[in-house]
Amino acid sequence: MVFIAILIGCVLGAIIGINAPVISYTYSSYLAIAIIAALDSVFGGISSVINKNFDLKIFISGFFGNAILAILLTILGQRLNVDIYLAAIVVFVWRMFMNLGTIRRYYVEKWSNKIKEKKIKKNS
């Protein structure tokens, strides 16, 4: 079921992407930093679901708050002629890798436990 949803999402994304207007170079840095901030929030949300402490209000505020802060840093950096957005990218990507590590460990342990259970049932 999940694979069907992923497949439908990929097809819809490709169709919309072909027909969508191209983002100009002027706004591409804003969009890139906003996407990275949003992905950080998504990975943080998944990680908090795994840790059983997910709160929708915190997720929504973090999703939009991180994206807005990152865009504001990009604007400030362009005004000062300093690449401040690189600091935001480093922080968000570091957090994404930390959350991805948590997600990976959870699923590797879950998979390992299933294999152990199958071996125990097979030997019994």
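Right above here is the structure, for reference.
What this report covers is the structure whose coordinates are included nearby. All values derive from a computational prediction rather than experimental measurement.

1. Details of the environment of Phe-97
Logical step 1: Looking at where Phe-97 falls in the secondary structure, it is placed in helix α4 (residues 85–123).
Logical step 2: On the accessibility criterion, Phe-97 (58% relative accessible area) is exposed.

2. Details of the packing of aromatic side chains
Logical step 1: In the structure shown here, the tally under the stated rule is four aromatic pairs.
Logical step 2: Note on Phe-54 and Phe-59: the rings are 5.8 Å apart at their centroids and 45° apart in plane angle, and the pair reads as tilted.
Logical step 3: Overall, Phe-54 belongs to the partly exposed group, its relative accessible area being 38%.
Logical step 4: A ring pair is formed by Tyr-106 and Tyr-107, whose centres lie 5.0 Å apart and whose planes are at 80°; its orientation type is edge-to-face.
Logical step 5: A relative accessible area of 31% places Tyr-106 in the partly exposed class.
Logical step 6: With a relative accessible area of 47%, Tyr-107 lands in the partly exposed category.
Logical step 7: Through successive ring pairs, a cluster of aromatic residues spans Phe-54, Phe-59, Phe-63 and Phe-64.

3. A word on the side chain of Asn-66
Logical step 1: Among the secondary structure elements, Asn-66 is positioned in helix α3 (residues 56–80).
Logical step 2: When near neighbours in sequence (up to four residues on either side) are disregarded, Asn-66 contacts Ala-37, Asp-40, Ser-41, Ser-61, Phe-92 and Arg-95.

4. Some points on unusual backbone geometry
Across residues other than glycine, the phi torsion is negative in most instances, and most of the peptide bonds are trans.
Logical step 1: Non-glycine residue Lys-52 carries a positive phi angle of around 60°.
Logical step 2: Tracing the sequence through the fold places Lys-52 in the loop between α2 (25–50) and α3.
Logical step 3: A positive phi is found at Asn-81, a non-glycine position, where the angle reads about 60°.
Logical step 4: If you trace the backbone, Asn-81 turns up in the loop between α3 and α4.

5. What to know about the packing of α2 against α4
Logical step 1: Across the interface, α2 lies against α4 with an axial gap of 9 Å and an inter-helix angle of 30°. One way to sum up the angle between α2 and α4 is to call them roughly parallel. With respect to the hand of their crossing, α2 and α4 are arranged in left-handed fashion.
Logical step 2: A per-class count over the contact of α2 with α4 returns 17 nonpolar, four polar and two charged.

6. Here's the deal with a nonpolar patch on the surface
Logical step 1: Where nonpolar side chains cluster on the molecular surface, the patch consists of Val-49, Phe-54, Leu-56, Ile-60, Phe-64, Ile-68 and Leu-72 and spans about 670 Å² of accessible area.
Logical step 2: The biggest single contributor to the nonpolar patch is α3, with five residues.
Logical step 3: Inspection of the secondary structure puts Ile-68 in helix α3.

7. Considerations on the nonpolar core
Logical step 1: Residues Ile-33, Ala-34, Ile-36, Ala-37, Ala-67, Ala-70, Ala-88 and Phe-92 constitute the largest nonpolar core, which totals eight residues.
Logical step 2: Where this core is concerned, the elements lending two or more residues are α2, α3 and α4.
Logical step 3: Broken down by element, this core gets its largest block of residues, four residues, from α2.
Logical step 4: Among all residues touching Ala-67, those that are not within four sequence positions of it are Ala-34, Ala-37 and Gly-62.

Here is what the cut-offs are and how they apply
- Residues numbered from 1 in each chain as written.
- Predicted model: local features only at pLDDT ≥ 70, side-chain atom pairs only at ≥ 80, totals over all residues.
- Heavy atoms only, no water.
- Helix = DSSP H or I, 4+ residues; strand = E, 2+ residues; numbered from the N terminus.
- Buried < 20%, exposed > 50% of the residue type's maximum accessible area, 1.4 Å probe, protein only.
- Phe/Tyr/Trp six-rings, centres within 6.5 Å; stacked < 30°, edge-to-face > 60°.
- Contact = heavy atoms within 4.5 Å.
- Axes fitted to C-alpha atoms, helices over the stretch in contact; angles between N-to-C directions.
- Parallel < 35°, antiparallel > 145°, perpendicular 65-115°, else oblique.
- Left-handed = near helix turned anticlockwise from the far one by under 90°.
- Nonpolar A, V, L, I, M, F, W, Y, C, P; charged D, E, K, R; others polar.
- Patch = residues over 30% accessible without salt bridge, like charges linked within 9 Å, V, L, I, M, F, W, Y side chains within 5 Å.
- Areas by Shrake-Rupley, 256 points an atom, 1.4 Å probe, with all protein chains shown as cover.
- Salt bridge = Lys/Arg side-chain N within 4 Å of Asp/Glu carboxyl O.
- Core = buried A, V, L, I, M, F, W, Y, C linked by side-chain atoms within 4.5 Å.

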